[in-house]
Structures are given as structure tokens and as C-alpha cells.
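Single-letter residue listing:
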Amino acid sequence: MSKKQKAYEYIKIRIIEGIYAPGQRIVINQLLNELSTSAIPIREAVMQLEAEGLIKYQQNIGPVVTPIDESAYADTLSTLAIMEGYATALSKDAITGDVIEELSHLNRQMEAALETMDFSKYGELNHTFHELTYSVCPNRYLVEEIKKTWLRLDSIRISGSTLNIERARQSIAEHAHIISLIGGEGDFQEIEMTVREHKLNTIKAFHEKKHSTRGTTFI
């Protein structure tokens, strides 16, 4: 891994996990000490994160973590719900038994991560789970658009150290239902609707959550 890539991953994961809060200044000199590298790869990493929307430059301040846009979060997730539902339904006939086994394994790992309060691991596994559900989708353009939308979602994700535990447990149960549909007799319409509703349930949980205590809602 290059020095730039190392710096990029280091900064990005701290933004996504909420260690760097929205609006917080990115201090280059501090990162120099933490990463034991020169300023050039760090500045290159910051430029890449700015292009992805995770960081923006403010006059007289410098690079800061992009403030949360709650409306954009809901809009982007709604769009993702439509695309992933369709892509997963299109993938049904090409999904093998090995893929179904891997999806079940990932879902069990998510449950274990939730039990140990490893929220970062939970989020990674969740992303991998959803990528796998449409990995064999014959519409490759659609798959690329979904990947771009996930990147956009990362740039506006509601960050924080508190996971919506109740929603996470519901999500695992919904995953199990999705697995049963794509691995069994679920038809196109039922799969598309179920995957779409899975994402929309996260939006509903987010809106309910923000009226009480704020926290991260994983998809």
C-alpha cells in the first residue's frame, strides 16, 4: 500500500466511523506525526477525499469534514433502495449455492459483530453482504451506478459512536429473509420489493432515531 493510500484509508475510516466529527478541521501537522510520513501523501489523500465529498475546504480554516446533510442521506438511500432492489432481483437466476452460503456466513458474522459491539466490523460486513447480492447482476452499468451511490452515501453518512442496535438486529433478520428468497422460490417482484423495503426501513428508523438521540444507522 502506498503512503498516499495509507493516509487515505486512515483519514476516511475515521470520518466514516465518526472519530472525525462533521465540521472538524483536518490538521495536516497532526497527521504527519500519526502516520510518520511527509505532507505530500497526506495532502494527496485529502484531495481525493475532497473529490469524494468527505472533506471540503473552508476559507481561512483549511480542510474540514463535510457537514452532515440529512436530507441528502435520505434521498440517496431511497435511490439506492430502488437500484439495489432491481439489481438483486435481476441476479436471482445467476446466484449459486456458494453465494447463498457466503451470504448466510456474512449475516452470522454481522450478528457476532453486533454482540461484541464491533460496529465498524458490522458496517464492513453489511456493505460486503449487499455487494454480493447483486455481484452477478447482468446489467453492469447498474452495478457501477450502485457503487457510485454507495460512495456518495459514505460522503453524507450520519456519523457517530452510537449504533441503532434495534435497527441493526432487524436488518439481520431482513437479510435472512432476503437470502431465503434469492436462494429459494422468491419471484422477481417479491425480491425487488423486499430488498427495496429493507433499505426504506433504514430511512424510517433514521427519522425515528433523530427525534431522540442521534447515532449511526447502518444500511
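Preceding this section is the structure that the text describes.
Residues numbered from 1 in each chain as written. Predicted model: local features only at pLDDT ≥ 70, side-chain atom pairs only at ≥ 80, totals over all residues. Heavy atoms only, no water.

Chemist: Mind showing me how you'd approach the pairing of strand S2 (residues 62-65) here?
Modeler: Side-chain positions along a regular strand alternate between the two faces of the sheet. Taken together, the four bridges between strand S1 (residues 55-58) and S2 define a ladder with antiparallel strand orientation. Each bridged residue has a counterpart across the sheet, and for Tyr57 the counterpart in S2 is Pro63. Between S1 and the antiparallel strand that follows it, S2, lie three residues; Asn60 among them carries a positive phi value of about 70 degrees. (Pairing = 2+ DSSP bridges. Helix = DSSP H or I, 4+ residues; strand = E, 2+ residues; numbered from the N terminus.)

Chemist: What am I meant to see in the packing of aromatic side chains here?
Modeler: When we look at a pair of aromatic rings, we describe it by the centre distance and by the angle of the planes. Tallied over the full model, the rule gives one aromatic pair. When the centroid spacing of 5.7 Å and the interplanar angle of 75 degrees are considered together, the rings of Tyr86 and Phe188 count as edge-to-face. Here the residue Tyr86 occupies a position in helix H4 (residues 70-91), and Phe188 occupies one in helix H9 (residues 188-209), the gap between them amounting to 102 residues. The partly exposed category is assigned to Tyr86, whose relative accessible area is 37%. (Phe/Tyr/Trp six-rings, centres within 6.5 Å; stacked < 30°, edge-to-face > 60°. Buried < 20%, exposed > 50% of the residue type's maximum accessible area, 1.4 Å probe, protein only.)

Chemist: Can you help me understand unusual backbone geometry in this one?
Modeler: Excluding glycine, residues mostly carry a negative phi; peptide bonds, for their part, are mostly trans. One non-glycine residue with positive phi stands out, namely Ser36, at about 50 degrees. Along the chain, the position of Ser36 falls in the loop between helix H2 (28-35) and helix H3 (39-51). Even without being a glycine, Asn60 presents a positive backbone phi close to 70 degrees. Within the secondary structure, Asn60 sits in the loop between S1 and S2. Note on Asn60: relative accessible area 81%, which makes it exposed.

Chemist: What's the story with helix H6 (residues 119-133) in this structure? I'm lost.
Modeler: Note: α-helices contain 3.6 residues per turn, so residues at a spacing of three or four share the same orientation. For H6, built from 15 residues, the straight-helix expectation of 21 Å at 1.5 Å per residue is met to within 8% by its first-to-last C-alpha distance of 21 Å. Looking at H6, one finds that the buried residues are Phe119, Tyr122, Gly123, Leu125, Asn126, Phe129, His130, Leu132 and Thr133. N-capping of H6 is provided by Asp118, with a side-chain oxygen placed 3.2 Å from the backbone N of Lys121. (Expected span 1.5 Å × (residues − 1). Polar contact = N/O pair within 3.5 Å; in protein donor to acceptor, adjacent residues only side chain to side chain.)

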